[in-house]
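Structural description and commentary
Take a look at the letters that make up each chain.
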Amino acid sequence: MLGQMQNHPLLISSLIEHAERHHGDGEIVSRRVEGDIHRTNWVTVAKRARQIANALDAEKLAPNERVATLAWNGYRHLELYFGVSGSQRVLHTLNPRLHPQQLAWIINHAEDSVVCFDTTFTPLIAAVHSKCPTVKRWVALCDADKLPADSGIPNLVSYEAWLGAQSSTYSWPVFDENTASSLCYTSGTTGNPKGVLYSHRSSLLHAYAVVFPDSLNLSARDAILPVVPMFHVNAWGLPYAAAVAGCKLVFPGPAMDGKSIYELIEGEQVSMAAGVPTVWQMLLGHMQAGGLKFSSLKGTVIGGSACPPAMLTTFQDTYGVEVLHAWGMTEMSPLGTVCTLKNKQLALDEAGRLKVRLKQGRAVCGVDMKIVDGAGKELPWDGRTYGDLLVRGPWIIDQYFKAEGASPLVDGWFPTGDVATIDADGFMQITDRSKDVIKSGGEWISSIDVENVAMAHPAVAMAACVGMPHPKWDERPIVVVALKPGAELSREELLAFYEGKIAKWQTPDDVVFVPAIPLGATGKMMKVSLREQLKGYTLPGV
Ligand code: ADP
């Protein structure tokens, strides 16, 4: 017997309709490529999303054709999120930090028909357009009079002229909620990037999950600043979640330095911000240098890499900002776990609470997880035993785009490539990425633990721990360090700093100072490049 409730498919168009009707005057503020601050609201975003749908019809784009964006976080990008997916085309967010060759590879692999780009990226598009035969239309995200002249890019129009020519009347089509909505490629730290194709259903379920109180806890009273890019796993789903909750949205555009982010938080009275640790490092550096305080910020969501303890305590103790440590992956839309405490953990003393807060957190309802040993046997949730972390759920990948027949799943579970522990209360903690974990004399050393100690030193701007070959122990950790501008620190001083903070055998064998740690396209430390840089390095005494 089936239930007897209305069968409305979960479609992205329903989110923009909700936002327009129920919080139409909700503000969307963007720092633009043009340098100014732009203000709009959900009514106007919805209207312009319908114009985009009409523009895509005028281009004769069939359902499922891919429309790519190469753009910063901003209102035009937001309009495309709804206009493209809502009209049953697939929004493909391109990462501008990729190498041009890789970008062209992805455009071809996705067979993008239209590419919309911020004018910052005109030189990038000028360099790749001739290698992208599937693209019929290039759209520069600017006013008609700002269209780059003599770029040599064929079939180029300005976004404002392109959508301005269209009617704002449009009926969103109704179709199967399992239809593809958007496409995002993994950053491809090894080999070619892989496409993750989200559906309308997965995007909506994920958006609701982002809003939950023990998730990011968004409401109509919030002003949220997604520093995490809209080209990286849909800015963690925040554009959709904001439409659900009706919070004010604040977009940083291309300016993600500490000063610009601080000014935006204060100027727009942001209550919640979300980004990777490297972004917060820059913000905290700016605030500490200027002796600044926040007047509105209540929380930050930190994910993408482990949140260093020093960052968490600085946010909490110095600035009174609650840190929500979250974990996920491109393959998971991305939200998997968020670290919010239960009453039991709130009752712990400060040190006990901190220990829990540094974990990646509890599974959001909808995500199931387990840890297994090398033979696939499930391991206990005791907070000590670590194993390969596997997940499943309605917003987790089934297979990669165009890789039919080659399922990444193991008995229906997706192997995350992370090594983790889970405690009896369900708090998961990432020990490491399986390829970064250091195997020393049969024991595993977490590179994250080694990095966290160094990052707590006041002279250290960033630290990366990698394993180096050792004849007796197989591998021993070293820590590669970039110092803060003007700071001084010796190898011996840093090694002495580890005493009492970590077991002796986990303490790195050496410190290598570098001007900067290489960062990947999503702001994460690139250990592959770092290992390249360290070619020829040998451990002391080896
Ligand atoms: P890519 O895999 O392309 O680098 P993702 O954003 O999909 O991009 O990366 C997901 C990975 O990032 C996870 O598998 C995990 O290793 C790491 N990660 C994400 N959030 C955290 C976190 N809070 N703590 C530690 N690692 C994290």
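Everything in this summary refers to the structure shown in the same document.

Parameters at a glance
- Residues numbered from 1 in each chain as written.
- Predicted model: local features only at pLDDT ≥ 70, side-chain atom pairs only at ≥ 80, totals over all residues.
- Heavy atoms only, no water.
- Pairing = 2+ DSSP bridges.
- Helix = DSSP H or I, 4+ residues; strand = E, 2+ residues; numbered from the N terminus.
- Buried < 20%, exposed > 50% of the residue type's maximum accessible area, 1.4 Å probe, protein only.
- Polar contact = N/O pair within 3.5 Å; in protein donor to acceptor, adjacent residues only side chain to side chain.
- 1 Å grid on protein atoms, 1.4 Å probe; cavity = no way out; pocket = protein on both sides within 12 Å on 5 of 7 lines; lining within 4 Å.
- Points joined across faces, edges and corners; volume = space filled by probe spheres on them.
- Nonpolar A, V, L, I, M, F, W, Y, C, P; charged D, E, K, R; others polar.
- Expected span 1.5 Å × (residues − 1).

If you walk across this open sheet you meet the 9 strands as 2-1-11-10-12-13-14-15-16, and the pairing is mixed. A single partner strand is all that each edge strand has here, and the edge strands are strand 2 (37–41) and strand 16 (362–363). Pairing analysis gives 5 bridges linking strand 1 (residues 27–31) to strand 2, with the strands arranged antiparallel. Residue pairing across strands places valine 29 opposite arginine 39, the latter belonging to strand 2.

Tracing the sequence through the fold places threonine 507 in the loop between helix 16 (491–497) and strand 25 (510–513). Threonine 507 sits in the buried class, given a relative accessible area of 15%. Only 3.2 Å separates the side chain of threonine 507 from the backbone oxygen of alanine 503, close enough to count as a polar contact.

Below, the discussion takes up the pairing of strand 2. Along strand 2, the buried face is formed by His38 and Thr40; none of Ile37, Arg39 and Asn41, which line the opposite face, is buried. Where strand 1 hands over to strand 2, the hairpin turn is made up of 5 residues, of which glycine 35 adopts a positive phi near 100°.

The next thing to look at is empty space enclosed by the protein. Applying the stated rule across the entire model yields 3 cavities of 30 Å³ or more. Size it by volume and the largest cavity reaches roughly 120 Å³. Lining the largest cavity are 16 residues, with Arg32, Val33, Asn73, Gly74 and Asp118 sitting closest to its centre. Mapped onto the lining of the largest cavity, the elements with two or more residues apiece are strand 1 and helix 3 (75–86). Sorting elements by how many residues they give to the lining of the largest cavity places helix 3 first, with 3 residues. Grouping the amino acids of the lining of the largest cavity by side-chain chemistry returns 6 nonpolar, 5 polar and 5 charged. Looking at the second largest cavity, its volume works out to about 100 Å³. In terms of residue class, the lining of the second largest cavity is built from 5 nonpolar, 8 polar and no charged.

This paragraph deals with helix 2 (residues 42–58). Between its first and last C-alpha atoms helix 2 spans 24 Å; for 17 residues at 1.5 Å apiece the expected length is 24 Å, and the two agree. Inspection of helix 2 places Trp42, Val45, Ala46, Arg48, Ala49, Arg50, Gln51, Ile52, Ala53, Asn54, Ala55 and Leu56 among the buried residues, and these make up the whole buried set. Measuring from the side-chain oxygen of the N-cap residue of helix 2 to the backbone nitrogen of valine 43 gives 3.2 Å; that N-cap residue is asparagine 41. At the C-terminal side of helix 2, lysine 60 shows a positive phi close to 65°.

Read these as layout, nothing more, since geometry by itself doesn't imply function.
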